[in-house]
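Chains, contacts and geometry: an overview
Take a look at the letters that make up each chain.
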Amino acid sequence: MAKPKGQYRFSFGPWNIDEGADPFGPPVREPIPLQNKMKTAKKLGFDGMQFHDDDVVPDIDTKSASQIAKEATKIKTMLDSEGLVPEFVAPRLWFAPETIDGAYTNNSARLRAYAIDRTTQAIDIMNILGTTSMVIWLAREGTYIRESKVARKQVLQIRDAINAFLAYDPKIRILIEPKPNEPVDSAIISTIGHAVGLSYMSDDPMRVGCLVESAHSVLAGLDPSDDMAYALAHDKLWSVHLNDQGNMKFDQDKSFGSYNLRRAFNQVRVLEEYAYGRNGEWVGLDVKAMRTQKKAVGTKHISNSKQTFLYLLDKVTSLNTDLEAELIKARDYEELDRYILCHLMGKKY
Ligand code: GLO
Ligand code: MG
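Model, not experiment: these values are computed from the prediction. (Residues numbered from 1 in each chain as written. Chains lettered and ligands numbered in written order. Predicted model: local features only at pLDDT ≥ 70, side-chain atom pairs only at ≥ 80, totals over all residues. Heavy atoms only, no water.)

**Comments concerning the side chain of Arg-29**
Take Arg-29: it is sitting in the loop between β1 (10–12) and α1 (34–43). Relative accessible area serves as the criterion here: at 5%, Arg-29 is assigned to the buried category. Within polar-contact distance, the side chain of Arg-29 engages the backbone oxygen of Met-290 at 3.0 Å. Of note is the side chain of Arg-29, whose polar atom sits 2.9 Å from the backbone oxygen of Gln-293. Excluding residues that lie within four positions of it along the chain, Arg-29 makes contacts with Asp-18, Glu-19, Gly-20, Ala-289, Met-290, Arg-291, Gln-293, Lys-294 and Lys-295. (Helix = DSSP H or I, 4+ residues; strand = E, 2+ residues; numbered from the N terminus. Buried < 20%, exposed > 50% of the residue type's maximum accessible area, 1.4 Å probe, protein only. Polar contact = N/O pair within 3.5 Å; in protein donor to acceptor, adjacent residues only side chain to side chain. Contact = heavy atoms within 4.5 Å.)

**A word on the coordination of the magnesium ion (ligand 2)**
Every protein donor of the magnesium ion (ligand 2) is accounted for by Glu-177 (OE), Glu-213 (OE), His-241 (ND1) and Asp-286 (OD), and the metal-donor separations fall at 1.9 to 2.2 Å. We note that the donor set of the magnesium ion (ligand 2) lies within a single chain, spaced as E-x35-E-x27-H-x44-D. Of this pair, Glu-177 sits in strand β6 (residues 173–177) while His-241 sits in strand β9 (residues 237–242), and the two are 64 residues apart along the sequence. Take Glu-177: its relative accessible area is 6%, and that puts it in the buried class. Since its relative accessible area comes to 1%, His-241 is described here as buried. (Donors = N, O, S within 2.8 Å, 3.2 Å for Na, K, Ca; no water.)

**Focus on the site of ligand 1**
As a structural note, the neighbourhood of ligand 1 is formed by 13 residues, with His-52, Glu-177, Lys-179, Glu-213 and Asp-286 the closest of them. Here an oxygen atom of ligand 1 and a side-chain polar atom of His-216 are 3.1 Å apart. In the model, an oxygen atom of ligand 1 is placed 3.1 Å from a nitrogen or oxygen of the His-241 side chain. Protein chains shield 94% of the accessible area of ligand 1, which is 320 Å² for the free molecule. For the shell around ligand 1, the residue count by class is 5 nonpolar, 3 polar and 5 charged. (Near = heavy atom within 4 Å. Areas by Shrake-Rupley, 256 points an atom, 1.4 Å probe, with all protein chains shown as cover. Nonpolar A, V, L, I, M, F, W, Y, C, P; charged D, E, K, R; others polar.)

**Here we look at unusual backbone geometry**
For the peptide bond that leads from Glu-182 to Pro-183, omega is 10°, which places it in the cis range. Looking at the element boundaries, Pro-183 is found in the loop between β6 and β7 (186–187). Notably, Glu-182 is not glycine yet its phi reads approximately 70°, a positive angle. Inspection of the secondary structure assignment puts Glu-182 in the loop between β6 and β7. Residue classification places Glu-182 among the partly exposed residues on the basis of a relative accessible area of 29%.

**What about the pairing of β9?**
Counted residue by residue, β9 has 6 buried out of 6 residues, so it is predominantly covered. Where β9 lies against strand β10 (residues 282–285), 4 bridges are found, and the strand directions are parallel. If you follow His-241 over to β10, its bridge partner there is Gly-284. You can see the chain leave β9, run along helix α9 (residues 261–273) and come back into β10, and the turn it takes is right-handed. (Pairing = 2+ DSSP bridges. Right-handed = clockwise from strand over helix to strand, strands pointing away.)

So, in structure tokens, the structure goes:
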């Protein structure tokens, strides 16, 4: 399917408008009801929303299947009335006491069963909301100390869980969102390469792909645009979480382009050049407001990130690629470097 170049649909999740708590301090902004977040999304020019299962059904573990279905139906009606499309649902597998030591790779069979069950509930919610995409961020599938788990076994446990979900609902697609660390010390599916490899191990590789998050690539010491290109080469880049990250610190979820504009430019470029979005893929943002923001200006990180993406898109489409090709041919990469910097800074070259 042809996609007009330069056209994108944007999405974010309700957790991206948050109350500002961090590990060292409590919330500093009043909570905002989901429907208001949807209205904000629409106002800021977003067409889609991403959800955790318990963004849709709060306190999901205390509710019966019929109660879950009833509440999910209410959210579906809300989405429709706000004119928004659900991009994906992700089971929140890192919050409940059952997942303290991992979800699909927990050392306890009873707790692994909880994680599988919770995920199939998320699939039921997807069906009610009307999306076939499930994102799994394998937050606690790793170790705090190496000796606590058997790594090879963990990989196979995750594969088996994925196979169970593929069989549970033949319509769904699974997007693996890798991250190298945090909350665990060392994640077992830590990079896009791991995620792609895992997809090929599944019973139906055509239905298992990836979500690349910029900050997660940087945390792994990798370039996000290269990770995107790698997934694109496998036809497995099915979503992105654009944001930014200052090197190997805690996961910062900074506004897109905030730390490294050139790195952001190359992400937009790789998406644009491969016509990302032609199969309906979304440009998702996974950004966090600074704790210093007051409630009234607590969504600027979202609108700013989208604007930066669009400004960088202008930089991508206005790049003199003939000149670039000439410099590549001459192997004058110093000059190419200078041209790119001048272009990004809006300086005459
Ligand atoms: C955290 C992740 C997280 C996921 C979200 C959807 O580091 O980026 O925000 O993207 O829970 O699965
Ligand atoms: Mg993310």
